[in-house]
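# Commentary on secondary and tertiary structure
For reference, the chains in residue letters:
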Amino acid sequence: HDLINRCNEDAPSVAAWSDDGLHFTIKDKTTFEKDFLTTKYTTFTRRLHNYGFRKINSELEASGKTLLKDEEHFKHISFKRGQRDLCDNVKRKAKPTLKTLAERFRRLTSKNRLLMDEHNRQADEIKRLSEEIEHLK
């Protein structure tokens, strides 16, 4: 929060809060990394993701906003301009447990089976229709 505030005040062409204060924008990654970070930019963005921040470029573009080349916009429900107290709610995502991963694997396996069954059904239908068309010729 302090980092974005400092950039917003001292170097808004590098990084700044959005007009509504609900997200922030990194405008110049190279300068941001060189002058404001103690890590690489990629490490910074990975940490943002680990703490639940979302890159919202595509959402902004879908709403009609024109973004400058290389701009990156990030948002977290508990990260807003002027509301530093909300940062207490920004927590590192918990790593999934073995039980959670096993359940996810089970669901995906089941879904895959359903998709394969549907694929086979459609392939049979295409074959049947192709034979019917040949019979009509």
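Residues numbered from 1 in each chain as written. Predicted model: local features only at pLDDT ≥ 70, side-chain atom pairs only at ≥ 80, totals over all residues. Heavy atoms only, no water.

Let us look at the packing of aromatic side chains. Applying the stated criterion across every chain, the model contains 10 aromatic pairs. Between Phe-24 and Phe-79, the ring centres sit 5.6 Å apart and the planes meet at 65°, which makes this aromatic pair edge-to-face. Here Phe-79 lies in the loop between β4 (72–75) and α5 (98–136) and Phe-24 lies in strand β2 (residues 24–26), a separation of 55 residues in the sequence. Each member of the pair, Phe-24 as well as Phe-79, is classed as buried. Chaining the aromatic ring pairs together yields one cluster made of Trp-17, Phe-24, Phe-53, Phe-74 and Phe-79. (Phe/Tyr/Trp six-rings, centres within 6.5 Å; stacked < 30°, edge-to-face > 60°. Helix = DSSP H or I, 4+ residues; strand = E, 2+ residues; numbered from the N terminus. Buried < 20%, exposed > 50% of the residue type's maximum accessible area, 1.4 Å probe, protein only.)

Glancing now at helix α2 (residues 29–36). Those residues of α2 not exposed but buried are Thr-31, Phe-32 and Phe-36. Projection of α2 onto a plane perpendicular to its axis shows the buried side chains occupying an angular sector of 100°, all on one side. Residues Thr-30 and Lys-34 are exposed on α2 and point more than 90 degrees away from its buried face. Buried-residue contacts for α2 involve α1 (2–10), β1 (15–17), β2 and α3 (41–50). (Arc of directions from axis to C-beta. Contact = heavy atoms within 4.5 Å.)

Turning our eyes to something else, we now look at the sheet that holds β4. A sheet is described by the order of its strands in space; here 4 strands give the open sequence β1-β2-β4-β3, paired in antiparallel fashion. Here the strands that pair on one side only, and so sit at the sheet edges, are β1 and β3 (54–55). Examined bridge by bridge, β3 and β4 share 2 bridges and lie antiparallel to one another. If you follow Arg-54 over to β4, its bridge partner there is Lys-75. Strands in contact with α3 are β2 and β4; relative to β4, the strand with the most contacts, it is inclined by about 30°. (Pairing = 2+ DSSP bridges. Axes fitted to C-alpha atoms, helices over the stretch in contact; angles between N-to-C directions.)

Nothing here speaks to function; it is all geometry.
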